[in-house]
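Structural overview for review
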Amino acid sequence: MAKNTKIIAIINQKGGVGKTTTAINLSAALGELGKKVLLIDLDPQGNSSSGLGVEKEQVENCIYDVLLNDVSLQEAIVPEVTTGLDVVPATINLAGAEVELVSEMARENRLKEAVAPMRGHYDYIFIDCPPSLGLLTVNALVAADKLLIPIQCEYYALEGVTKLLESMKRVKSRLNPSIDIFGVLMTMYDGHTNLSKQVVEEVRNYFGDKVFDMVIPRTVKLSEAPSYQQPITQYEPNGKGSIAYMEVAKEVIERG
């Protein structure tokens, strides 16, 4: 039976907000819940790829080749890096892609065209975006059905998000009328501080029911897991971080 694929860009142009952590762990959690998931690493740093144990030296085709060398997305997939999860890796080549895409025809649509044949093969396709609003991120905004925005529980949490929403509106009016916010995820939550609670309240006031009920706690294990090349669901299956991402995965499924 063909699946009704949802393509979700995990996006926030501010770095260090838990974007890659969310890309890896939410994808893995959905895989464990029986979903078929593809994670596209669109960040030149390639942290989603290495955090899931993809050996970049052995990668024949990465997302760069898909965007600029007419390689099909299928040819760049590293299958079953963990239960139910395939990855399209990024390598350092991608760093030059922003500049090289400028002169390409239909440059904003490259990713959308590459992903199209994968619809029906996966339940979810996640795109881990770079922390900037350049052409790679625009490609993600054009290719995605929805956006998932991780926001760190810290001062100025909403700063930067307004810029992202402006970019989304521009893309919506010109290139992808259906793009919208799928969910907002609060990350690095510290229950012991008033600040974390205040930020969550502020973000809930701003985004309403788009904000996931579950917040992702600040835990050492979540930052350690990538260096062991494992998602948190494997690295510490019964820990706080793992439980939190499993809960978010269930909310994602409920939202359809």
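Refer to the structure presented above.
The paragraphs below set out a description of the structure included in this document. Note that the structure is a prediction, hence the values are computed from the model and not measured. (Residues numbered from 1 in each chain as written. Predicted model: local features only at pLDDT ≥ 70, side-chain atom pairs only at ≥ 80, totals over all residues. Heavy atoms only, no water.)

1. Some points on the nonpolar core
For soluble globular proteins, nonpolar side chains are generally found buried alongside one another. Selection rule: Each nonpolar core is a collection of buried residues, namely Ala, Val, Leu, Ile, Met, Phe, Trp, Tyr and Cys, held together in the definition by side-chain atoms within 4.5 Å. Using a 1.4 Å probe on the protein chains alone, a residue whose accessible area is under 20% of its type maximum counts as buried, one over 50% counts as exposed, and one in between counts as partly exposed. Numbering goes from the N terminus for both helices and strands, where a helix is a DSSP run of H or I of at least four residues and a strand is a run of E of at least two. Whether two residues are in contact is decided by their heavy atoms: any pair within 4.5 Å suffices.
Counting 91 residues, the largest nonpolar core has I63, I127, I151 and F207 as its most contacted members. It is helix α7 (residues 135-143) that contributes the most residues to this core, seven residues altogether. Those residues within four positions of I127 in sequence are excluded, and the remaining contacts are I7, I8, A9, I10, I40, L42, L111, A140 and A143.

2. Concerning the packing of helix α1 (residues 19-32) against helix α12 (residues 240-254)
Short version of the rule: Each axis is a line fitted through C-alpha atoms, taken for helices only over the stretch in contact, and angles between the N-to-C directions span 0 to 180 degrees. Any angle that falls under 35 degrees is termed roughly parallel, while one over 145 is termed roughly antiparallel, one within 65 to 115 roughly perpendicular, and all others oblique. We call Asp, Glu, Lys and Arg charged. Ala, Val, Leu, Ile, Met, Phe, Trp, Tyr, Cys and Pro are nonpolar, and the rest, Gly among them, are polar.
At a closest axis distance of 8 Å, the pairing of α1 and α12 adopts a crossing angle of 70°. As far as their axial angle goes, α12 and α1 are roughly perpendicular. In this structure, α1 uses T21, T22, N25, L26, A29, L30 and E32 to contact α12, whose residues at the interface are Y245, M246, V248, A249, V252 and I253. Its residues placed into classes, the contact of α1 with α12 shows nine nonpolar, three polar and one charged.

3. Topic: unusual backbone geometry
Located in the positive-phi region is E80, a residue other than glycine, with phi close to 45°. Of note, E80 is situated in strand β3 (residues 78-82). Even without being glycine, A106 reaches a positive phi, approximately 45°. Relative to the assigned elements, A106 resides in the loop between α5 (97-101) and α6 (110-115).

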